[in-house]
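# Descriptive structure summary
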Amino acid sequence: MLRTPSRIARASADYVLVALGNNGVNGVFQDGREAVVSAGEFVIYDTTRPYELRFDDSFSQTIFQLPRKLLQQRIGAFDRIDRDHFLQRSALERLTYEFLIA
């Protein structure tokens with residue numbers, strides 16, 4: 001799936017997506033970076049910039065769509081964390097995933 005500049009131009013609102021991997025493998029490509037998400041992992045990406053999604057047949061995910069403006073009001077600039085891939089290597093990443101999926 002491609003999110004192209006023409007699709008972005010037609011969008012009525014700006015969002016940040018948090019994609020939680022449930023099964024299978026998903027690839028998120030944005031701004032020259034790639035994040036491969038498996039079950040128990042998550043990625044954050046921005047709908048205001050083009051991206052591409054690739055996933056295998058068994059992939060399923062849970063998506064949280066957060067208004068970009070509200071997120072910026074809460075945490076300020078988040079350019080450092082979007083498109084990041086969270087692997088549950090740390091206790092905080094595991095806790096975040098479990099909190100979001102519950």
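Residues numbered from 1 in each chain as written. Predicted model: local features only at pLDDT ≥ 70, side-chain atom pairs only at ≥ 80, totals over all residues. Heavy atoms only, no water.

### A look at the overall build of the protein chain
When you go through the protein chain residue by residue, the secondary structure sums to three helices and eight strands. The burial tally for the protein chain puts 33% of its 102 residues in the buried class. A separation threshold of at least 6 residues defines the contact pool for the protein chain, and within that pool the share at least 24 residues apart is 70%. Approximately 6300 Å² of the protein chain is accessible, and the part contributed by carbon and sulfur atoms is 54%. (Helix = DSSP H or I, 4+ residues; strand = E, 2+ residues; numbered from the N terminus. Buried < 20%, exposed > 50% of the residue type's maximum accessible area, 1.4 Å probe, protein only. Contact = heavy atoms within 4.5 Å. Areas by Shrake-Rupley, 256 points an atom, 1.4 Å probe, with all protein chains shown as cover.)

### A look at the sheet that holds strand E3 (residues 25–30)
Pairing is antiparallel in the open sheet, where four strands are placed in the order E1-E6-E3-E4. If you trace the sheet from one side to the other, it starts and ends with strand E1 (2–3) and strand E4 (33–38), each paired once. In this structure, E3 lies alongside E4, joined through six bridges in antiparallel fashion. Each bridged residue has a counterpart across the sheet, and for valine 25 the counterpart in E4 is serine 38. (Pairing = 2+ DSSP bridges.)

### Quick look at unusual backbone geometry
Outside of glycine, negative phi angles account for most residues, and trans bonds account for most peptide bonds. Of note in this structure, aspartate 31 is not a glycine but carries a positive phi near 55°. By the secondary structure assignment, aspartate 31 is in the loop between E3 and E4.

### Quick look at the pattern of salt bridges
When charged atoms on two side chains of opposite charge get close, those side chains can pair. The full count for this structure, using the stated rule, is four salt bridges. Close ionic contact of arginine 49 with aspartate 46 constitutes a salt bridge, the shortest N to O distance being 2.9 Å. Assigned by exposure class, arginine 49 and aspartate 46 land together as buried. We note a salt bridge from glutamate 52 to arginine 54, for which the minimum N-O separation is 2.9 Å. With a relative accessible area of 24%, glutamate 52 lands in the partly exposed category. Through salt bridges with shared partners, a single ionic network connects Asp31, Asp46, Arg49 and Arg68. (Salt bridge = Lys/Arg side-chain N within 4 Å of Asp/Glu carboxyl O.)

### Concerning the nonpolar core
In terms of nonpolar packing, the biggest core is built from nine residues, these being Leu17, Ala19, Val28, Ala35, Val37, Val43, Tyr45, Tyr51 and Leu53. For this core, the secondary structure elements donating two or more residues are strand E2 (15–23), E4, strand E5 (42–46) and strand E6 (51–55). By size, the runner-up hydrophobic cluster in this structure holds seven residues, among which are Val16, Val18, Phe42 and Ile44. (Core = buried A, V, L, I, M, F, W, Y, C linked by side-chain atoms within 4.5 Å.)

### Considerations on the side chain of arginine 3
Positionally, arginine 3 belongs in strand E1. Buried and without a salt bridge, arginine 3 has aspartate 14 as its closest oppositely charged side chain, separated by 6.3 Å. Here threonine 47 takes part through its backbone oxygen, which lies 3.2 Å from a polar atom of the side chain of arginine 3. Apart from residues no more than four positions distant in its own chain, arginine 3 is found in contact with Ile8, Ala11, Thr47, Arg49, Pro50 and Tyr51. (Lys, Arg positive; Asp, Glu negative; His and termini not counted. Polar contact = N/O pair within 3.5 Å; in protein donor to acceptor, adjacent residues only side chain to side chain.)

Interpretation in functional terms is not warranted from these geometric data alone.
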